[in-house]
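A closer look at the structure
Chain by chain, the residues run as shown.
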Amino acid sequence: MSRIPLIAGNWKMYKTEEQSEEYIQALLPRVSAIDGVEVAICVPFTDLRAMVDSARGSRVEVYAQNMHQEPEGAFTGEISAPMLSELDVRGVVLGHSERRALFGESDRALAAKVPSALAAGLVPILCVGETEQERDSDETDRKLRQQIREDLAGVPAERLADVVIAYEPIWAIGTGRVASAEQAQEAIAFIRALVGDRDRDAAERVRILYGGSVKPENAAELIALPDVDGALVGGASLEAESFAQIVAAAAA
Ligand code: PGA
């Protein structure tokens, strides 16, 4: 089973609309000739419309970084899945560790968000991963099992492969401390096996990304690992040139 790699850049809370326009004009020519890899940028809500317009017809897809689980309601400050899909946004990052740690995102909310994203035609990128303390106390598998089980509980077996999972060890995010190839492969193979407990065919098809200090220098080795189907890139996605180099590494 060959899975098409996905390289997704997570801008976090960076780039005004003007800055995002400069970026996309620099990115498009750099990735237009690179085949065999899907490219996504996950941008702030305020950049979505401009990026969808500027990327239309190109190989770059535009994702949001969060959404509410309800289609509408009295939820001041929130954005729903239908609001995103109406803009032609392709998908949405869900459960990023920054949202879990800083904004109280819970597995319970995620269990509702993932199916709502799918129902609105969005590709969810569900982020999971352990803290340094959990890794040091051999709790990595337990944490991943709990997150995968709870966050995907509302997704029927036949839709599991439509979810993208990102394994992001929290100690590797924004720290420059990338997981070793062995650590990344082991955790991602474990996640694939967890999906396989639900549905064997979905486990073969579901794409699982690695995230955490991915850079042009380490991308090729990580993406070449047998169970790793691409990368979720934070810091190194903020410059079009370094992001394009990571895209090229995934195609190689
Ligand atoms: P990083 O962030 O690449 O800057 O470590 C990854 C992420 O938060 O998705």
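As the structure is a prediction and not an experimental result, all values here were calculated from the model. (Residues numbered from 1 in each chain as written. Predicted model: local features only at pLDDT ≥ 70, side-chain atom pairs only at ≥ 80, totals over all residues. Heavy atoms only, no water.)

1. Describing the overall build of the chain
Across its full length, the chain carries 11 helices and eight strands. Compactness check: the chain gives a C-alpha radius of gyration of 17 Å against a globular reference of 18 Å for 252 residues, within 12% of the reference. In the chain, which comprises 252 residues, the proportion classed as buried is 54%. Within the chain, contacts between residues at least 6 apart in sequence are counted, and of these 72% link residues at least 24 apart. Of the roughly 11,400 Å² of accessible surface on the chain, 49% is carried by carbon and sulfur atoms. (Helix = DSSP H or I, 4+ residues; strand = E, 2+ residues; numbered from the N terminus. Rg over C-alpha atoms; globule rule 2.2 N^0.38 Å. Buried < 20%, exposed > 50% of the residue type's maximum accessible area, 1.4 Å probe, protein only. Contact = heavy atoms within 4.5 Å. Areas by Shrake-Rupley, 256 points an atom, 1.4 Å probe, with all protein chains shown as cover.)

2. Side note on helix α10 (residues 216–223)
By the burial criterion, the buried members of α10 are N218, A219, L222 and I223. On an axial view of α10, the arc spanned by its buried residues comes to 125 degrees, and they lie on one face. In α10, the exposed positions angled more than 90 degrees off the buried face are occupied by E217 and E221. Contacts from the buried residues of α10 go to β1 (6–10), α8 (181–198), β7 (207–211), β8 (230–233) and α11 (240–251). (Arc of directions from axis to C-beta.)

3. A closer look at the pattern of salt bridges
Following the criterion strictly, the structure yields 19 salt bridges and no others. R56 is paired through a salt bridge with D53; the nearest N and O atoms lie 3.0 Å apart. A relative accessible area of 45% places D53 in the partly exposed class. Several salt bridges converge on common partners, so that one network encompasses R3, R192, D227 and D229. (Salt bridge = Lys/Arg side-chain N within 4 Å of Asp/Glu carboxyl O.)

4. So, the nonpolar core
The biggest cluster of nonpolar side chains holds 75 residues, and the ones touching the most others in it are I7, I41, I165 and Y210. Ranked by the residues each element gives to this core, the list is headed by α8, at eight residues. Apart from the residues lying within four places of it in its own chain, the contact partners of Y210 are Y167, P169, A172, V178, A179, A184, I188, L222, V228, G230, A231 and L232. Counting 13 residues, the second largest nonpolar core, distinct from the first, contains A8, V93, C127 and V164. (Core = buried A, V, L, I, M, F, W, Y, C linked by side-chain atoms within 4.5 Å.)

5. Quick look at the packing of helix α7 (residues 140–151) against α8
Here α7 crosses α8 at 40 degrees, and the two axes come no closer than 10 Å. With respect to their mutual orientation, α7 and α8 come out oblique. Crossing of α7 over α8 shows right-handed handedness. Contact residues: D141, L144, R145 and I148 in α7; A187, F190, I191 and L194 in α8. (Axes fitted to C-alpha atoms, helices over the stretch in contact; angles between N-to-C directions. Parallel < 35°, antiparallel > 145°, perpendicular 65-115°, else oblique. Left-handed = near helix turned anticlockwise from the far one by under 90°.)

6. Examining the environment of N218
Examined against the element boundaries, N218 turns out to sit in helix α10. Along the sequence, N218 and V178 sit 40 residues apart, while their C-alpha atoms lie 8.4 Å from each other. With sequence-adjacent residues up to four places away left out, N218 is seen in contact with V178 and S213.

7. Overview of the site of the ligand
For the ligand, the set of nearby residues contains 13 residues, the closest of which are K12, H96, E168, G174 and S213. In this structure, an oxygen atom belonging to the ligand sits 2.8 Å away from a side-chain N or O atom of K12. G174 is positioned with one of its backbone polar atoms (N or O) 2.6 Å from an oxygen atom of the ligand. Isolated, the ligand exposes 280 Å² of accessible area, and the fraction of that covered by the protein chains is 97%. When the residues that make up the shell around the ligand are grouped by side-chain class, the tally is four nonpolar, seven polar and two charged. (Near = heavy atom within 4 Å. Polar contact = N/O pair within 3.5 Å; in protein donor to acceptor, adjacent residues only side chain to side chain. Nonpolar A, V, L, I, M, F, W, Y, C, P; charged D, E, K, R; others polar.)

8. Some remarks on the side chain of E105
Locating E105 in the fold gives a position in the loop between α4 (97–103) and α5 (107–119). Among the polar contacts made by the side chain of E105, one reaches the side chain of K113 at a distance of 3.0 Å.

9. Focus: the layout of surface pockets
Remark: the empty space left among the atoms is shown by a probe the size of a water molecule rolled over them. Taken as a whole, the largest pocket encloses approximately 410 Å³ of empty space. For the largest pocket, the lining is made up of 14 residues, of which K12, M13, Q65, R99 and F103 are closest to its centre. In terms of residue count, the dominant contributor to the lining of the largest pocket is α4 (four residues). Tallied by class, residues from the lining of the largest pocket come to seven nonpolar, four polar and three charged. (1 Å grid on protein atoms, 1.4 Å probe; cavity = no way out; pocket = protein on both sides within 12 Å on 5 of 7 lines; lining within 4 Å. Points joined across faces, edges and corners; volume = space filled by probe spheres on them.)

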